[in-house]
Structures are given as structure tokens and as C-alpha cells.
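Survey of secondary and tertiary structure
Letter by letter, the chains look like this.
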Amino acid sequence: MLLSLIISILLNCLCRCRSATIDDDCPTIDNGDSLSQTQLLDRLTHGCRYDRLERPLTYTEVGARLPVDVYMRAYIYFMQNLEAHDLQFKIYALLQMRYLDPRLNFRNVSPKRLQPILGEQQLRDSLWMPHIFLANERDSSILGTSEKDILTSISPDGTVIVSTRIKATLYCWLNLKKFPFDEQHCSTVLESWMYNTSELVLHWEQKRPITYDPGLHLTEFLLKQSWSNETVINADLSDLRHGAFAGNYSSLSFTVHLTRVVGFYLMDYFLPSMLIVAISWVSFWLQADQAPPRITLGTSTMLTFITLASAQGKTLPKVSYIKVSEVWFLGCTIFIFGSMIEFAFVNSIWRRKHNVPIKKLNSKHILKSTLSPHLLRRRSHTRSRSFSGSARQADNSSLGGNLPFNNYLTVNLPINTIPEDRVLTTTTAFSRRPSLHMLSSTNRKLDVTFVESALDEFSHEEEIANTGWTTLTPQEIAIWIDRRARFVFPISFLVFNLFFWTFVYCI
């Protein structure tokens, strides 16, 4: 009897010690109203009850595991202008996610505690968190000075809300075909990193998932609208952004529609380029033989416009397609270059030595005769030579038919200047002197060459008069072209502007 009594006493002591040890390893959560907030959280997240490496588990009525539903909301504090050269933009935002964790339900153990438990990063680190990343980020960080700006809230029913202020640099592909009249669509993409759709599904909040600060303003763009989207990303072994795990991953995105404000470009690029093109037309009011001022004006306007265009293009990426700004640059360059070509053309005409035969005084015949003067002169000279050739045959037959004809005539003439009041007396005295004395009075000789050519010119002028044609001097043609250019170039530039701005705003 005594031995059995001793054994029972020992067994009771062992059971009491074991129960005390169990209580120490897994503290009870009974009478949670008497516990402090920290004590309650410590007991709720104790290792015997809570595993932060395991997601919350919920089951259907038939016992199937359900995925965790995570609801997201974004509040945009600030958006920086798009950096076209690097194809990126920056945002400062508050990201908030909400999900239900039944393991943190303290409504039954602490019925008097109606307010949620609040904490910061330390509380967040003690809980299971869905790993969500920005799929199109280039750089991101959590804002904060001494501590990170993280707010964690646990409701009595186990709903966890985590709010985080972040700064992110995001990639955005820009379509610059209509720059600077372009519209851009830039997205922010959120995806699940670890869990596929069978374990975790992302959703936007039903009410106001994306909100913007009322004081949000962009200097170069206007925020027209934004929209959100929910989708599923199919990742395979060629896509390693989900940790090399294949599967379907839940994804959220919101897109902003931005339109560029063109006021800066109108005042600093388009209007100055119009004035530069108009300045190049001043050369049409300068005479065609004034080469230095016209060349200086043309080259200076060209170089100024090239400098203006290159300064504007340095901020843009080197894309393979043609932008609207480049079309404008090319058009203005053609007009400035055309004014320089026009000067070279009229200057070459001004320096011609022969008059140009014109059939009719209109633009068609003047340009045709100006562009092909040698062909017309050659045809006229051919007809003139046939006439002069028949005249020479008649002269030779009257002189015997076999006498040679010399094409050169050498005449010795005095080159002294005769005063205006002695023209009549000098002419009379000069006519009385013998021809031999006149020819020997000076040592200078004036070679009058190609008498046949003189006869040809005379025949040519006579033929033009007989056929009803007229002649214009090269100087008259050059002035006529300059006068027409004063109207043709501005009208052509207006037509170019009409097509350009119609394409920009209507197509």
C-alpha cells in the first residue's frame, strides 16, 4: 500500500510539472481583455499558434483550400514628368493592402476590445505578408526619415491592413511619333512574387481603388484620366521574374493617360523657327549681284535653325521612326535651303552676257527660255548662219568667185577721250584727215574678231523681230524671278503649315 501511494504521488507531480511547462511554452489567450495590446499580440503570434512563413488557410465546405484574397488601393502623392531620354517616370504613392488572417482573430478572446491594434514596421515584421512587387520598376524604396513609413492595423476579426509610402522609378515605353503633340500611357504593374493564383489572388478595392492628391500637377503634361485593371500573368521557364517558378500569377495595374502641354514648344521652337524661315526671305529684296549680304543671310539663318533644332532633340531618345518635330525641322530646312538655291540661280542668270529670247511674257516661257538658253540660241544661230552663208556666196561670186575671205579685220583707232563740247569739231576734222594718217596715229590696236558672229547676231535680232518674239536681259529675268519668289515662298510655307497642323490635330 505504501509503495502504491508513493507512485501515485510521483505521477501527480510529473503531470503538474508537464502542464506547467506546456503553459509556459504556449501562453493562454483566455481573458484577453485583461492583457495589454503588446501581450495580446505576443500571445496571438506565438510560435505555438502562428507561423509567419505559412499563409492563412481557409477551406471550402468540402475541405478544399482557398487562395488568399488581397485587396489593394493606391494613393498618388506626386508624379514626376516623364523622362523621355530614359523612358521612365517617378511616382510617390501610398500602397495599401488588405487581407484576412483568421489566426489573428481576437474578437472572442477579447470581446471588449473593439478598436484595431495599430503598429509600425515591428508589428509588420511579426506577421505573414504577401510579397507583392512592382513588375516594371527600375528602382524603389520605402519612404521615411528615422523609421520607415509603414502602418499596420489588425482588426478584431483578423483583417490586416498594411499601408506603405514608397518612391518608385518605373519604366514606360513612349510613343514619340507625334512629339511634341503626343499622348502617353504609362502603367504601374503590381504582381505576386511567390504565390501563384492557386495560393493568392490580387484584387483592386471596389470603391476608389486609385486616388490622386488634389494638388497634383505636372509641368509638361496634363493628367487626362486613369483606369485600373486585373489580370493573370502566365510565367514559364523563360520568364524569371517570378523566381523561376512557372505558373499563373495574379497581377494588378493602373494606367495614367498623359497629354503633353505644347505651350513651351510653341514659344521656344515652332514660333522662332517660323521667324527664322521668314528672315531667310529677306534676300529676295536684295539685288541678285549682292552676293555677300545674301550669302551671309542664308548661312546665318540655316545655322541658327540647326542649332535650335539640335538643342530640342538632345532630350529625346534616338528612335528609328520619324517624329513630327523632325518633319517640321525638315520642312523649314528645305525652305531655308531653297532661298539659298534661289539666290545661286538668279546670281548665275545675272552674270550672263547674252539676252534671252522670249516667245511670250509669261512664267512658262520665261522659265523655259531661261533654263535652256543655249538650245534656243543654237537654233537661232543655225538659221542665221544659213542666211549669212548665202550672202557670202553672193559676195564671192561678185568678186570673182575664188577670192579668199578673211574673218579678221584689224583697225588702228585712237583711244583718246574727246570732250563733249568738241565732239562736232573733232568729228569734222577727223573726217578730213587721210585714212592712212588715222591708222598710224596710235600704237594700240583693236582686234574686231569674228565679223561673221556680228552678222549672225544681227540676223538673230532681225529674225526675233520678224517672228514676234521679244528679248529680256539677264538682269531683268533675275529681278523677275526674285519678285515671284517673294510670293511663291510664303504661299508654299502657308500650304506646308496647313497640312502640318491638320495632321497634328485632326489625324
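Everything discussed here concerns the structure shown above.
Residues numbered from 1 in each chain as written. Predicted model: local features only at pLDDT ≥ 70, side-chain atom pairs only at ≥ 80, totals over all residues. Heavy atoms only, no water.

1. So, the overall build of the chain
Regarding its fold elements, the chain presents 12 helices and 18 strands. For the chain, buried positions account for 35% of its 507 residues. Summed over all atoms, the accessible surface of the chain reaches about 31300 Å², with 60% contributed by carbon and sulfur. (Helix = DSSP H or I, 4+ residues; strand = E, 2+ residues; numbered from the N terminus. Buried < 20%, exposed > 50% of the residue type's maximum accessible area, 1.4 Å probe, protein only. Areas by Shrake-Rupley, 256 points an atom, 1.4 Å probe, with all protein chains shown as cover.)

2. As for a positive patch on the surface
Taken together, the side chains of Lys359, Lys360, Lys364 and Lys368 define a basic patch exposed on the protein surface. Classification of Lys359 as partly exposed rests on a relative accessible area of 46%. (Patch = residues over 30% accessible without salt bridge, like charges linked within 9 Å, V, L, I, M, F, W, Y side chains within 5 Å. Salt bridge = Lys/Arg side-chain N within 4 Å of Asp/Glu carboxyl O. Lys, Arg positive; Asp, Glu negative; His and termini not counted. Charge placed at Lys NZ, Arg CZ, Asp CG, Glu CD.)

3. Quick notes on the sheet that holds strand S14 (residues 247-260)
If you trace the four strands from one edge of the open sheet to the other, you get S6-S10-S14-S13, paired in antiparallel fashion. Bordering the open sheet on either side are strand S6 (132-134) and strand S13 (221-235), each of which pairs with just one other strand. When the angles between neighbouring strand axes are averaged without regard to direction, this sheet yields 20°. Both strand S10 (residues 183-192) and S14 contribute to a ladder of nine bridges, which runs antiparallel. Within the sheet, the bridge partner assigned to Cys186 lies in S14 and is Val256. (Pairing = 2+ DSSP bridges. Axes fitted to C-alpha atoms, helices over the stretch in contact; angles between N-to-C directions.)

4. Some thoughts on the state of the cysteines
Scanning the entire structure with this criterion turns up two disulfides. A disulfide bridge connects Cys26 with Cys48, and the sulfur atoms are separated by 2.2 Å. Taking the sign of the S-S torsion, about 70° here, the bridge from Cys26 to Cys48 comes out right-handed. Taken together, the residues span a long stretch of sequence, with Cys26 in the loop between helix H1 (2-25) and helix H2 (37-44) and Cys48 in the loop between H2 and strand S1 (58-59) at a distance of 22 residues. On the basis of relative accessibility, which here comes to 26%, the residue Cys26 falls in the partly exposed class. Two residues, Cys172 and Cys186, share a disulfide whose sulfurs are 2.0 Å apart. Taking the sign of the S-S torsion, about -80° here, the bridge from Cys172 to Cys186 comes out left-handed. Of the two residues, Cys172 sits in the loop between strand S9 (159-171) and S10 while Cys186 sits in strand S10, which places them 14 residues apart along the sequence. In this structure, Cys172 and Cys186 share a single accessibility class: buried. When the bonded cysteines of the chain are numbered from the N-terminus onward, they pair as 1-2, 3-4. (Disulfide = S-S within 2.5 Å.)

5. Brief notes about empty space enclosed by the protein
One pass over the structure, following the stated rule, counts one cavity of 30 Å³ or more. Volume-wise, the largest cavity comes out at about 40 Å³. As for the largest cavity, its lining consists of Ala74, Ile76, Ile91, Ala93, Leu95, Leu134, Ile166, Thr188 and Phe254. In terms of residue count, strand S4 (residues 88-100) provides more of the lining of the largest cavity than any other element does, three residues in total. Here the residues of the lining of the largest cavity sort into eight nonpolar, one polar and no charged. (1 Å grid on protein atoms, 1.4 Å probe; cavity = no way out; pocket = protein on both sides within 12 Å on 5 of 7 lines; lining within 4 Å. Points joined across faces, edges and corners; volume = space filled by probe spheres on them. Nonpolar A, V, L, I, M, F, W, Y, C, P; charged D, E, K, R; others polar.)

6. Quick notes on the pattern of salt bridges
The final tally for this structure, using the stated rule, is 11 salt bridges. With a closest N to O distance of 3.8 Å, Asp125 and Arg124 form a salt bridge. On the basis of relative accessible area, Asp125 is assigned to the partly exposed category, the value being 38%. Given the relative accessible area of 24%, Arg124 is considered partly exposed. Residues Asp149 and Arg165 are paired through a salt bridge, measuring 2.5 Å at the closest nitrogen-oxygen approach. Taken together, the positions of Asp149 in the loop between strand S7 (137-142) and strand S8 (150-154) and Arg165 in strand S9 put the pair 16 residues apart, joining distant regions of the chain. Judged by relative accessible area, Arg165 falls into the partly exposed class, the value being 29%. Where salt bridges share partners, they join Arg55, Arg65 and Glu199 into one cluster.

7. Some remarks on a nonpolar patch on the surface
On the surface, a cluster of nonpolar side chains totalling about 560 Å² of accessible area is made up of Phe487, Ile491, Val495, Leu498 and Phe499. Structurally, Phe499 is set in helix H12 (residues 474-506). Since its relative accessible area comes to 61%, Phe499 is described here as exposed.

8. Regarding the packing of aromatic side chains
Per the stated rule, a full pass over the model turns up 28 aromatic pairs. Centroid distance Phe133 to Trp193: 5.5 Å. Interplanar angle 90°. Geometry classified as edge-to-face. Of the two residues, Phe133 sits in strand S6 while Trp193 sits in the loop between S10 and strand S11 (200-204), which places them 60 residues apart along the sequence. A network of ring pairs unites the aromatic residues Phe181, Tyr269, Phe270, Trp281, Trp328, Phe335, Phe493, Phe496, Phe500, Trp501 and Tyr505 as a single cluster. Arg165 extends its terminal NZ or CZ atom over the ring of Tyr77, reaching a point 5.1 Å from the ring centre. If you follow Lys178 out to its NZ or CZ, it ends over the ring of Phe503, 5.8 Å from the centre. (Phe/Tyr/Trp six-rings, centres within 6.5 Å; stacked < 30°, edge-to-face > 60°. Lys NZ or Arg CZ within 6 Å of the ring centre and 35° of its normal.)

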